[in-house]
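Descriptive analysis of the structure
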There are 2 protein chains.
Amino acid sequence: MAKTGERARAVPGSALDAVHFALDRSSPVPLYYQLAQQLEAAIEHGALAPGNLLGNEIDLSTRLGLSRPTVRQAIQSLVDKGLLVRRRGVGTQVVHSQVKRPLELSSLYDDLEAAGQGPTTDVLRNERVPATADVAAALGIAEGSEVTLLERLRATHGQPVAFLCNYLPPALLDLDTDRLGTTGLYRLLRSAGITLHSARQTVGARSATAEEAALLTEKEGAALLTMQRTAYDDTGRPVEYGTHIYRASRYAFDFQLLVRS
Amino acid sequence: MAKTGERARAVPGSALDAVHFALDRSSPVPLYYQLAQQLEAAIEHGALAPGNLLGNEIDLSTRLGLSRPTVRQAIQSLVDKGLLVRRRGVGTQVVHSQVKRPLELSSLYDDLEAAGQGPTTDVLRNERVPATADVAAALGIAEGSEVTLLERLRATHGQPVAFLCNYLPPALLDLDTDRLGTTGLYRLLRSAGITLHSARQTVGARSATAEEAALLTEKEGAALLTMQRTAYDDTGRPVEYGTHIYRASRYAFDFQLLVRS
DNA sequence: TAGTGGTCTAGACCACATT
DNA sequence: ATGTGGTCTAGACCACTAG
């Protein structure tokens with residue numbers, strides 16, 4: 001029925017034919033994940049350029065020796081990441097922009113470290129205190145019950161950047177002051193087996209009080225960026241409540257949002 | 001083989017037996033989506049309390065007359081939303097916190113309206129101008145090419161809240177100044193068939209200049225919250241670039257993050 | 001040992017967009 | 001009319017967790 005008769009179909013090639021995929025069925029890594037990673041790598045390093053079609057899922061699955069649902073699962077994970085777009089009746093293509101960094105629960109320490117700023121941390125306080133009303137509400141515990149209070153001053157190149165005040169539920173973990181001086185709180189939580197899952201944040205601004213100004217070596221009345229955050233683990237239990245203030249002259253939040261369909 | 005003989009198994013009931021699910025196979029709405037919505041409703045209105053087990057997926061699927069993959073798809077969508085947690089060998093349960101609002105590309109207009117603040121908008125400028133270097137870079141177009149410039153002052157109860165400056169790519173759409181006075185930009189874009197997909201934001205703070213102070217009826221030097229945002233559609237093409245300033249005394253960003261696994 | 005979710009298969013039919 | 005992704009089925013085996 002094909003108009004071109006027996007001639008090989010001059011398909012666009014889908015830009016994916018040149019890419020070699022190596023799937024290891026004996027690996028404990030799921031096949032859909034292996035495929036997703038290799039697709040992502042192909043996009044990242046340019047083998048798949050923005051706008052390129054991926055080729056239909058049926059062909060892809062037979063070519064890879066996988067079932068269509070498995071291939072779909074791989075593709076879907078990249079769609080969720082914002083790297084691919086599906087269009088019914090058209091195909092799947094690479095998004096046109098270089099959107100890369102996903103949204104993250106920003107860790108100030110990691111942010112600064114990634115920027116090569118060599119962050120340092122002074123632990124000002126690390127002790128148990130009774131929970132005030134706002135802290136108790138945020139952590140979902142009784143007012144007056146004991147919580148860990150953590151006050152830290154973070155700096156880069158000897159210049160203060162932020163004052164961090166955090167509260168953790170009782171008996172969650174023992175925080176080693178020494179280790180807090182050399183790493184971030186979230187990394188410490190992670191290494192203790194606590195996986196953060198979500199957080200509620202409020203970001204605002206206000207003028208520095210005299211005390212805050214002295215602490216951060218700003219002038220009284222200087223603009224400060226403020227952030228309150230309650231973080232939850234994967235079961236939805238509050239893990240941390242913090243009140244942070246940042247020198248607006250030296251820090252800003254930078255993040256990427258993905259809109260929920 | 002059951003130790004209890006013919007007695008009905010005294011299963012915990014899974015708290016889901018009492019919930020009635022109405023699936024309409026003739027509806028154009030996918031079955032997995034119908035199920036997800038009804039599960040979410042059950043969680044929202046308390047029929048499924050935090051910590052409740054959902055019951056295993058096989059039973060659930062036979063009980064609903066669906067296949068397991070379909071039920072899994074419904075459950076997975078709620079897991080992605082952060083409402084459910086899966087634990088291998090244990091089961092699926094409702095998260096322990098009342099995390100509700102997902103992360104959204106915050107629309108100031110919608111935020112204020114949702115808060116019952118009855119926002120008003122003064123359109124100060126709505127015209128075509130040549131793109132400056134920063135605007136051109138953000139929108140991925142040539143410097144000097146024509147873009148739509150939009151300047152708006154937003155207020156509630158007669159009090160200014162924010163000054164919004166936005167740039168849109170050429171020929172994207174014609175913005176009706178009258179409609180901009182009564183709704184938000186994002187809603188206008190949406191009704192024009194443009195679906196936002198992701199955005200890159202930078203949030204900071206600074207002290208108000210004399211002009212800004214006058215515009216927002218603040219004192220010179222007052223703390224302002226600043227936001228720059230580039231928004232992209234679902235193909236990754238830039239759709240809007242904006243520079244906003246907010247009175248810190250009257251506004252803060254409030255949002256929820258979901259950590260990517 | 002039993003039960004759970006995690007993964008995977010090999011099909012099927014439908015809705016939508018393009019030609 | 002054709003080709004695409006969107007949905008759905010009815011199984012299967014495995015890995016992990018619990019008692």
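Residues numbered from 1 in each chain as written. Chains lettered and ligands numbered in written order. Predicted model: local features only at pLDDT ≥ 70, side-chain atom pairs only at ≥ 80, totals over all residues. Heavy atoms only, no water.

Chain A has the name GntR family transcriptional regulator in an unreviewed UniProt entry, where Streptomyces humidus is given as its organism.

Bringing the pattern of salt bridges into the picture now. In the structure shown here, the tally under the stated rule is 20 salt bridges over all chains. The closest approach of N and O atoms between Arg 200 of chain A and Asp 254 of chain B, which form a salt bridge, is 3.7 Å. Taken as a pair, Arg 200 of chain A in strand β6 (residues 196-207) and Asp 254 of chain B in strand β9 (residues 253-258) lie in two separate chains rather than in one. Put simply, Glu 57, Arg 68, Arg 72 and Arg 86 of chain A are held in one network by salt bridges that share partners. (Salt bridge = Lys/Arg side-chain N within 4 Å of Asp/Glu carboxyl O. Helix = DSSP H or I, 4+ residues; strand = E, 2+ residues; numbered from the N terminus.)

It is worth spelling out helix α3 (residues 68-81) of chain B at this point. Residues spaced three or four apart along an α-helix point in a common direction, a consequence of the helix completing one turn every 3.6 residues. All names here are of chain B. The terminal C-alpha atoms of α3 lie 20 Å apart, and with 14 residues this matches the ideal 20 Å at 1.5 Å per residue to within 8%. Every buried residue belonging to α3 is among Thr 70, Val 71, Ala 74, Ile 75, Leu 78 and Val 79, and all of these are buried. The inward-facing, buried residues of α3 contact α1 (31-44), α2 (57-64), β1 (84-87) and β2 (91-94). Phi turns positive, to about 85°, at Gly 82, one or two residues after α3. (Expected span 1.5 Å × (residues − 1). Buried < 20%, exposed > 50% of the residue type's maximum accessible area, 1.4 Å probe, protein only. Contact = heavy atoms within 4.5 Å.)

Near DNA strand C lie 26 residues; those nearest to it are Arg 25, Leu 31, Ser 67 and Thr 70 of chain A together with Arg 86 of chain B. When the atoms of DNA strand C within 4 Å of the protein are grouped by moiety, sugar and phosphate amount to 68% of the total. Contact between DNA strand C and Arg 68 of chain A: a base nitrogen at 3.3 Å from a side-chain N or O atom of the residue. The separation between a phosphate oxygen of DNA strand C and a polar side-chain atom of Arg 86 of chain B is 3.0 Å. Broken down by secondary-structure element, the contributors of at least two residues to the surface near DNA strand C are α1 (31-44) and α3 (68-80) of chain A together with α3, β1 and β2 of chain B. Of the residues forming the surface near DNA strand C, the biggest block, three residues, is contributed by α3 of chain A. (Near = heavy atom within 4 Å. Polar contact = N/O pair within 3.5 Å; in protein donor to acceptor, adjacent residues only side chain to side chain.)

Residues and elements named next belong to chain A. Look at helix α2 (residues 57-64) against α3: their axes get within 9 Å of each other, and the N-to-C directions meet at 110°. Overall, the two elements α2 and α3 adopt an arrangement that is roughly perpendicular. Of α3, the residues touching α2 (which contributes Glu 57, Ile 58, Leu 60 and Ser 61) are Arg 68, Val 71, Arg 72 and Ile 75. When its residues are assigned to classes, the contact of α2 with α3 shows four nonpolar, one polar and three charged. (Axes fitted to C-alpha atoms, helices over the stretch in contact; angles between N-to-C directions. Parallel < 35°, antiparallel > 145°, perpendicular 65-115°, else oblique. Nonpolar A, V, L, I, M, F, W, Y, C, P; charged D, E, K, R; others polar.)

What surrounds DNA strand D is a group of 26 residues, the closest being Arg 86 of chain A together with Arg 25, Leu 31, Ser 67 and Thr 70 of chain B. Arg 86 of chain A places a side-chain nitrogen or oxygen 3.0 Å from a phosphate oxygen of DNA strand D. Split by residue class, the surface near DNA strand D holds seven nonpolar, nine polar and ten charged.

When the parts come together, some accessible area is lost, and that loss is often what is quoted as the size of the interface. Listed per partner, the contact involves 45 residues of chain A and 45 residues of chain B. Across the chain A to chain B interface the summed buried area is about 4,200 Å²; carbon plus sulfur atoms make up 55%. Applying the counting criterion to the chain A and chain B interface returns four salt bridges. Summed over the shared surface of chain A and chain B, the result is ten residue pairs in polar contact (both at pLDDT 80 or more). Going through the elements one at a time, β1 (84-87), β6, β7 (223-233) and β9 (253-258) of chain A are the ones with two or more residues in the side of chain A that touches chain B. (Buried area = accessible area lost by both parts, 1.4 Å probe.)

Bringing the nonpolar core into the picture now. Within the largest apolar cluster, 28 residues are counted, with the highest numbers of intra-cluster contacts made by Val 203 and Phe 253 of chain A together with Val 203 and Phe 253 of chain B. Elements supplying a minimum of two residues to this core: β5 (159-168), β6, β7 and β9 of chain A together with β5 (159-168), β6 (196-207), β7 (223-233) and β9 of chain B. If we ignore the near neighbours within four places in the chain, the residues touching Val 203 of chain B are Val 203, Leu 225, Ala 252, Phe 253 and Phe 255 of chain A together with Leu 225, Thr 226, Met 227 and Phe 253 of chain B. (Core = buried A, V, L, I, M, F, W, Y, C linked by side-chain atoms within 4.5 Å.)

A separate point is the side chain of Thr 183 of chain A. The topology assignment puts Thr 183 of chain A in the loop between α6 (177-180) and α7 (185-191). Not counting the four nearest positions on each side in its chain, Thr 183 of chain A is found in contact with Tyr 109, Arg 154 and Leu 188 of chain A.

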